[in-house]
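# Structure assessment
Single-letter residue listing:
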Amino acid sequence: MIGAIIGDIVGSRWEFNPTNDYNFELFSDENDFTDDTICTVAVADAILRDRDFGESIHEWCRRYPHPMGGYGGRFAQWVRSDNPLPYNSYGNGAAMRVSPVAWAKLNAFGMLPMAKQTAECTHNHPEGIKGAQTVALAIHHAIEMRVATNQPNALDISEVLQKCVKFSGYNIDIKKENVINRFDETCQGTVPVALWIIGQSTSFEDAVRRAVSLGADADTLGAIVGSIAEAIWGIPEEMQMKALEYLPNDMKSVVLRFYDRFVRNSFLSGYGDEGAARDLILEELQEEL
């Protein structure tokens, strides 16, 4: 989940000012969280509190009505509505917010229906639902393989991708010249590209850099790629801590409580000792909130 938030924050400054420079500065004063982070936090909070996903997303987006980059037109109408209803969207917003589900539901039979629920409160078009489920499935299979091997560097990424292609029917045999600098906000135009980027990458940072420097929908593609890359390679401690600095305390609290409940005590010892640092931050936040 932090992987999605990092991808969003890193990509935020390039959403409407695209770059093809792989060596761009990751974090700066021009970066911030966008609607992608807000919705991801809302999904995590709904899981923690066992509440309806649509209600949680609606509440969190109203709490932060003017994020960097704003909300898309139809989604903004949904946020403003006092009776929000799904609007048959197949936008990539369904895929960028789903990552907490894969960590909370390690069994695919529970995970896929929950992934659908996170999407269909707004994105109830079959392509929107499929996009969310495919991203969740990619994270799920990566987690399973890390459990089996306990060696992230030995992970067979192609096997993860093949399972996603079999499930979704997406074509990830992509040529860079066909997708570079192409802004596509649909699930069917974004998720296959995200999977293709994962297949080219060698680390979490490499994956996020590739996603953002493609010159496409930088924050959302960064969020989707980051969410999958986290499950494959883990995330350097300093990058996790830096991303948390951008979040207000209520979001930070949700993220840290989610990791404490669903990730910290799992097999992912590859996260190093930063759990102690997160514990200290969480203790301080609980005193403030």
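Residues numbered from 1 in each chain as written. Predicted model: local features only at pLDDT ≥ 70, side-chain atom pairs only at ≥ 80, totals over all residues. Heavy atoms only, no water.

## Brief notes about the overall build of the protein chain
Looking only at helices and strands, the protein chain has 16 helices and zero strands in total. Per-residue burial for the protein chain yields a buried fraction of 60% across its 289 residues. Considering only contacts in the protein chain between residues 6 or more positions apart, those separated by 24 or more positions represent 74%. A total of about 12,100 Å² of accessible surface is found on the protein chain, and carbon and sulfur atoms cover 45% of it. (Helix = DSSP H or I, 4+ residues; strand = E, 2+ residues; numbered from the N terminus. Buried < 20%, exposed > 50% of the residue type's maximum accessible area, 1.4 Å probe, protein only. Contact = heavy atoms within 4.5 Å. Areas by Shrake-Rupley, 256 points an atom, 1.4 Å probe, with all protein chains shown as cover.)

## Focus: the packing of aromatic side chains
In the structure shown here, the tally under the stated rule is eight aromatic pairs. Their ring planes at 10 degrees and their centres at 6.4 Å tell us that W60 and Y64 sit as a pair that is stacked. For the pair W60 and Y64, a shared accessibility class is recorded, and that class is buried. Summarising the aromatic geometry, the rings of F75 and W78 are spaced 5.4 Å apart at their centres and angled 20 degrees between planes, so their arrangement reads as stacked. With F75 and W78 both in helix α4 (residues 73-80) and three residues apart, the pair spans about one turn of that helix. (Phe/Tyr/Trp six-rings, centres within 6.5 Å; stacked < 30°, edge-to-face > 60°.)

## Observations concerning the nonpolar core
Counting 105 residues, the largest nonpolar core has I198 and F258 as the members making the most contacts within it. If sequence neighbours within four positions are ignored, I198 has contacts with I157, L161, A207, V225, I228, A229, I232 and W233. (Core = buried A, V, L, I, M, F, W, Y, C linked by side-chain atoms within 4.5 Å.)

## Description of the confidence of the model for the protein chain
On average, residues of the protein chain carry a pLDDT of 91, and 89% of them reach 70 or more. Scored below 50 in pLDDT, residues 266-274 makes 16 contacts in the model with residues more than four places away or belonging to other chains. (pLDDT = per-residue confidence, 0-100.)

## Things to note about the pattern of salt bridges
With the rule as written, the count across this model stands at 14 salt bridges. One salt bridge connects E59 with R51, and the closest N-O pair in it is separated by 3.0 Å. The exposure class assigned to E59 is partly exposed, which follows from its relative accessible area of 30%. The salt bridge partner of R210 is D206, with a shortest N-O separation of 3.0 Å. Of this pair, R210 and D206 both sit in helix α12 (residues 204-212), separated by four residues, roughly a single helical turn. (Salt bridge = Lys/Arg side-chain N within 4 Å of Asp/Glu carboxyl O.)

## With respect to the environment of T122
Following the sequence through the fold, T122 ends up in the loop between α7 (108-120) and α8 (126-149). Residue class for T122 comes out buried when judged on its relative accessible area of 0%. Taking the C-alpha atoms as reference, T122 lies 9.5 Å from R74; in sequence the two are 48 residues apart. Looking at T122, its side chain comes within polar contact range of the side chain of H123, at 2.6 Å. (Polar contact = N/O pair within 3.5 Å; in protein donor to acceptor, adjacent residues only side chain to side chain.)

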